[in-house]
Amino acid sequence: MHNEELIIDLYRVGAIKFGRFKLTSGIESPFYIDLRLVITYPGIYKRLVKLMAESLSAFNIDVVAGIETASIPWASMIAYELNKGIVYVRKEVKEHGTAKLIEGDLKTGMRVAVIDDVITTGNSIIRAIRIVGDHGGDVVVAAAFIDREQGGLNAIRREGINAFALFSVIDMIDVLVNNGLVSNELRNSVIEYLVKNRVSSGA
């Protein structure tokens, strides 16, 4: 029940949108997940952070790794909740200062949880996992709040890493349908889109 309320709250603040959206990949999507909005709503923000922290508590991690930029506020709050440190992986090496790809004090052998907000292809998390590994970290789990169900979780698992998401898109839409907030027709159109745009299992 609490998770249903959380999903409805995400929809009501506009973090789950339906329409026509162009993704980073260039593909058009009938839905969009925008968790950047959620950090402005402390009640929802706190509940999601607590859920993720509870899910990660079994992995005996030393540090939480965010990915520039969307997942940094999430990784920060999760690390705070777990009383762990945070590092973050840059999109590219900056041309000044220390020219690091990882910010924070990642020491060799540290057990790391890599966090992202949404999983689509899994590419951004896989890149972060490899960079953390190259810098001596031991990634024991990768996690996101929402899985778009386009094959990203399995792509990460093929890297030999535990991976999970708190919610899947279809489960979230089912909650919205059951509460009369979106139609069955919309649900079916999203499923059709997901089937056509799933990441290849051999990728």
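Residues numbered from 1 in each chain as written. Predicted model: local features only at pLDDT ≥ 70, side-chain atom pairs only at ≥ 80, totals over all residues. Heavy atoms only, no water.

**Notes on the nonpolar core**
For soluble globular proteins, nonpolar side chains are generally found buried alongside one another.
Alright, step 1. Core analysis: the largest hydrophobic core is formed by 46 residues, its most contacted members being L35 and L56.
Alright, step 2. Ignoring any residue separated from it by four or fewer positions in sequence, one finds L56 in contact with I78, L82, A113, I115, V141, A143 and F164.
Alright, step 3. Of all hydrophobic cores here, the second largest spans 24 residues; its members include V139, A142, A155 and A163. (Core = buried A, V, L, I, M, F, W, Y, C linked by side-chain atoms within 4.5 Å. Buried < 20%, exposed > 50% of the residue type's maximum accessible area, 1.4 Å probe, protein only. Contact = heavy atoms within 4.5 Å.)

**Points about helix α2 (residues 42–56)**
Alright, step 1. With 15 residues, α2 ought to run about 21 Å at 1.5 Å a step, and its terminal C-alpha atoms sit 21 Å apart, in line with that.
Alright, step 2. Within α2 the residues assigned to the buried category are I44, Y45, L48, V49, M52, A53 and L56. Down the axis of α2, the smallest arc covering the buried residues is 160°, so these residues share one side. (Helix = DSSP H or I, 4+ residues; strand = E, 2+ residues; numbered from the N terminus. Expected span 1.5 Å × (residues − 1). Arc of directions from axis to C-beta.)

**Structural notes on unusual backbone geometry**
Excluding glycine, residues mostly have negative phi values, and the peptide bonds linking residues are mostly trans.
Alright, step 1. The omega torsion across E68 and T69 is -5°, close enough to zero to call that bond cis.
Alright, step 2. Within the secondary structure, T69 is located in the loop between β3 (63–67) and α3 (72–82).
Alright, step 3. The backbone of N60 sits at a positive phi, close to 50°, despite the residue not being glycine.
Alright, step 4. Locating N60 in the fold gives a position in the loop between α2 and β3.
Alright, step 5. Backbone geometry at E149 places phi at a positive 60°, although glycine is not the residue there.
Alright, step 6. The topology assignment puts E149 in the loop between β7 (138–147) and α5 (152–157).

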